[in-house]
Every structure is written in structure tokens, then in C-alpha cells.
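Letter by letter, the chains look like this.
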Amino acid sequence: MDALWMSLSAEVMGTPAWLWLSFLGVVVLLLALDLGVLHREDHEIGVRESLLLSAGYIGVALLFGAWVWWRLGPQSGLDYYTGFLIEKSLSMDNVFVIALIFSYFAIPRLYQHRVLFWGIVGVLVLRALMIGLGATLVSSFSWVLYLFGAFLLITGVKMWFMVDQKPDIAANPLLRWLKKHLRLTDGLRGHAFWVREPEAGSGRLRWHATPLLLALVLVECSDLVFAVDSVPAIFAITTDPFIVYTSNIFAVLGLRALYFALAAMIHRFQYLKYALALVLVFIGGKIFLVGVIGKIPPVVSLGVTFGLIAGGVAVSLWKTRRGQMPA
């Protein structure tokens, strides 16, 4: 028993192993409940179900933050909530890209949840690798934070001037490579990602990828691209890998659940991108201001981030009221 407790108390990246296991246990339980109970059968998810499911995920995330506050202290709690808010907001831009991917492959709403669910598994692994690498670099070379800060400043400025740019799914180099190197079906095969079908010409049974698999790969790729922005942003708030990873994952979990509601009204949040650009500039600038005015308190970072995002949402909803589109 003592040996077991010593193992659970051993630190993994600066945090006791039992805290990591507790977090992973919560995530596994949520995913099992999602796929094994709520969505055992494929069905179209409506706006109401999407909002309720997202509210559940957000509720769990907020409770976990309260537990972090209690166990690790107020600063860790505030850092967690700030990271959660930043990741949640930055990932909303990813909803638009995911909607374009589903539209390009003509994926019906019936199967979209399946793609998003299995995409979460990839997110868990990819974010862990990125955050682990980031934490190692920051702990070994403190100047890496200044690189993150410069990257966030540049990204924020680019986002401000590229709000109206839309990605061209057909021109995606990864998609072109997949189409060239994989055997593909001529359409969907239910909710299957892979099927065995006769090969054209030889008639031999071969494994073929379906459009659902291509959509899943591109969704994962888009998440990886957006993580390049969000992960450095949270490292600019805190360098604690536990806070960075948990806030990231809970935000992504809730956003995927909210996708079906957001996808129907994403056009109403046009001005939110300007607010997100300002958030990135603020967070990147924080790093360079430390040597001038000292470290900005976590409560100020949370307040500024929330204020900018709330302002972006309010302006967007006002500008698009009564069906009007932004100029």
C-alpha cells in the first residue's frame, strides 16, 4: 500500500501522478458516456441536444477548475480558467473550418458526431505531444517564451488582416496526397472509415478508405494547425503542463459538443475573430512587458481576455441582428 501511494504521489512533469490519473479518469468517463450511452446509435444531433451536451461538458470543466483551485491554489485555478477561456475562444474559429470540411465531403449530420468523437482521441494524443515538447523547451530554454510571444504577436496581427480569408479544402496538400496514395470508395459506406471492396480492374478484395476517413484526417489536421496558436498562448499564461493540458482538453471536448449549435450560426460571430486577434496580441505582449512592469496578475489576464471575447461576441450579435450580415 505504501509503495502504491508513493507511486501515485510521484511527480509527473511537476504534478503528482494521481492528479493526472484523476483527470484522465474524468475524460475517459465523459467519452464513454458520450459514445456508449448518449450516442450508441447514429442520429442527427439537433441544436437543443448540442447545447445541453455542451453545457454538461462546460459544467464538468468548471467544476474541475474549482478542484484545481482547491488542490493547487488560487493562481493555478485562475491560470486554468484563463487557459480554458482562451482555448475555447480560439477553437471556435476551428468550427468554421470543420463545417467547410463536412460540406466538401457531403458528410450528413447523421455521421458528423462520429467523426468529431474519434477526432477527440487524436486530440488527446497530439496535444499531449505538443504540450510535452513545449514544456521541455520552456524548462530547458527560458528564452523560448519570447519566441512564443513574438509568434503570438505576429499571428494576432495576421488574423486581424485575414479575417475574410477562407481555406480552400480542395487545394489542401494533405488531401491531394491522400487521394493519390489511398484506394478510395466512390461515396460513403454508412459510418465506416474503411471497407473491403473489389479493386477496379483486378476485382480482388482490397481495403478502401471512405470520405468519412478523409474528413477525419482533415479535422485532425485542422486541430493541429489551430493548436499551434492556442498552445503557445496558454504557455504565455502558465508553464505548468498540467494546467496547460487539462484546460486545453476540457475546452476542446466542450467545443466539439457545441459544434452542431455553432455551425448553424457561425456567420453571426464574424467580429469575434477581431477580438481573438487582440487576445493573441495581448498575451504575446504580456511576455515582453514582464521586464518593464512585472508579471501581470492572473486575474487581470482573465479579465482582459474575457472582456475582449465578450466584446467581440456582443458586437457580432449586434451587427448581424435581424439577419443582417456584416459589411
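Here the structure is shown first, and the text comes after it.
Residues numbered from 1 in each chain as written. Predicted model: local features only at pLDDT ≥ 70, side-chain atom pairs only at ≥ 80, totals over all residues. Heavy atoms only, no water.

(A) Just the overall build of the chain, in detail. Along the chain, the regular secondary structure elements total 11 helices and four strands. Counting over 327 residues, the chain shows a buried share of 46%. Of the contacts made within the chain by residues no fewer than 6 positions apart, 78% connect residues no fewer than 24 positions apart. If you sum the accessible surface of the chain, you get close to 16300 Å²; carbon and sulfur atoms cover 69% of it. (Helix = DSSP H or I, 4+ residues; strand = E, 2+ residues; numbered from the N terminus. Buried < 20%, exposed > 50% of the residue type's maximum accessible area, 1.4 Å probe, protein only. Contact = heavy atoms within 4.5 Å. Areas by Shrake-Rupley, 256 points an atom, 1.4 Å probe, with all protein chains shown as cover.)

(B) Expanded view of helix H4 (residues 74-104). With 31 residues, H4 extends 45 Å from end C-alpha to end C-alpha; this agrees with the ideal 45 Å at 1.5 Å per step. Along H4, the sharpest change in direction is near 30 degrees and occurs at Asp93. Burial of H4 is extensive: 24 of the 31 residues sit out of reach of the surface. (Expected span 1.5 Å × (residues − 1). Bend = angle between axes of the 7 residues up to and from the residue.)

(C) Just the side chain of Glu87, in detail. Mapped onto the elements of the fold, Glu87 is located in helix H4. Under the relative-accessibility criterion, Glu87 is labelled buried at 0%. Among the polar contacts made by the side chain of Glu87, one reaches the side chain of Arg127 at a distance of 3.2 Å. Not counting residues up to four positions away in its chain, the partners in contact with Glu87 are Arg127, Ser230, Ile234, Asn248, Ala251 and Val252. (Polar contact = N/O pair within 3.5 Å; in protein donor to acceptor, adjacent residues only side chain to side chain.)

(D) Summary view of the packing of helix H3 (residues 47-72) against H4. Look at H3 against H4: their axes get within 6 Å of each other, and the N-to-C directions meet at 155 degrees. As far as their axial angle goes, H4 and H3 are roughly antiparallel. Here H3 runs over H4; the crossing is right-handed. Of the residues in H4, those touching H3 at Ile58, Ala61, Leu62, Phe64, Gly65, Ala66, Val68, Trp69 and Leu72 are Pro74, Ser76, Gly77, Leu78, Tyr80, Tyr81, Phe84 and Lys88. (Axes fitted to C-alpha atoms, helices over the stretch in contact; angles between N-to-C directions. Parallel < 35°, antiparallel > 145°, perpendicular 65-115°, else oblique. Left-handed = near helix turned anticlockwise from the far one by under 90°.)

(E) Quick peek at the environment of Ile58. Looking at the element boundaries, Ile58 is found in helix H3. You can call Ile58 partly exposed: its relative accessible area is 27%. On a C-alpha basis, the gap between Ile58 and Leu253 in space is 8.7 Å, while along the polypeptide they are 195 residues apart.

(F) Expanded view of the packing of aromatic side chains. For the coordinates displayed, the defined rule picks out 14 aromatic pairs. With a centroid separation of 5.7 Å and 75 degrees between ring planes, the pair formed by Phe23 and Tyr245 is classed as edge-to-face. Highlighted residues: Phe23 in helix H2 (residues 17-38) and Tyr245 in helix H9 (residues 241-262), separated in sequence by 222 residues. With a centroid separation of 5.9 Å and an interplanar angle of 50 degrees, the aromatic rings of Phe64 and Tyr80 are classed as tilted. Of this pair, Phe64 sits in helix H3 while Tyr80 sits in helix H4, and the two are 16 residues apart along the sequence. (Phe/Tyr/Trp six-rings, centres within 6.5 Å; stacked < 30°, edge-to-face > 60°.)

(G) Main features of the packing of helix H6 (residues 144-161) against helix H8 (residues 211-235). Axis separation between H6 and H8 bottoms out at 9 Å; the angle between their running directions is 130 degrees. As judged from the angle between their axes, H6 and H8 are oblique. For the pair H6 and H8, the sense of crossing is left-handed. Every residue of H8 that contacts H6 at Leu145, Phe148, Phe151, Leu152 and Thr155 is listed here: Val228, Asp229, Pro232, Ala233 and Phe235. Considering only residue class, the contact of H6 with H8 consists of eight nonpolar, one polar and one charged. (Nonpolar A, V, L, I, M, F, W, Y, C, P; charged D, E, K, R; others polar.)

(H) Representation of unusual backbone geometry. Positive phi, close to 55 degrees, is recorded for Ala106, a residue that is not glycine. Assignment of secondary structure puts Ala106 in the loop between H4 and helix H5 (109-140). Residue classification places Ala106 among the exposed residues on the basis of a relative accessible area of 57%.

(I) Representation of the pattern of salt bridges in the model. Counted according to the given criterion, the structure contains four salt bridges. Taking the shortest distance from any N to any O, the salt bridge between Asp223 and Arg127 comes out at 3.0 Å. Of this pair, Asp223 sits in helix H8 while Arg127 sits in helix H5, placing them 96 residues apart in sequence. Just as Asp223 is buried, Arg127 falls in that class too. The salt bridge involving Arg189 is made with Glu197; its shortest N-O contact spans 2.5 Å. (Salt bridge = Lys/Arg side-chain N within 4 Å of Asp/Glu carboxyl O.)

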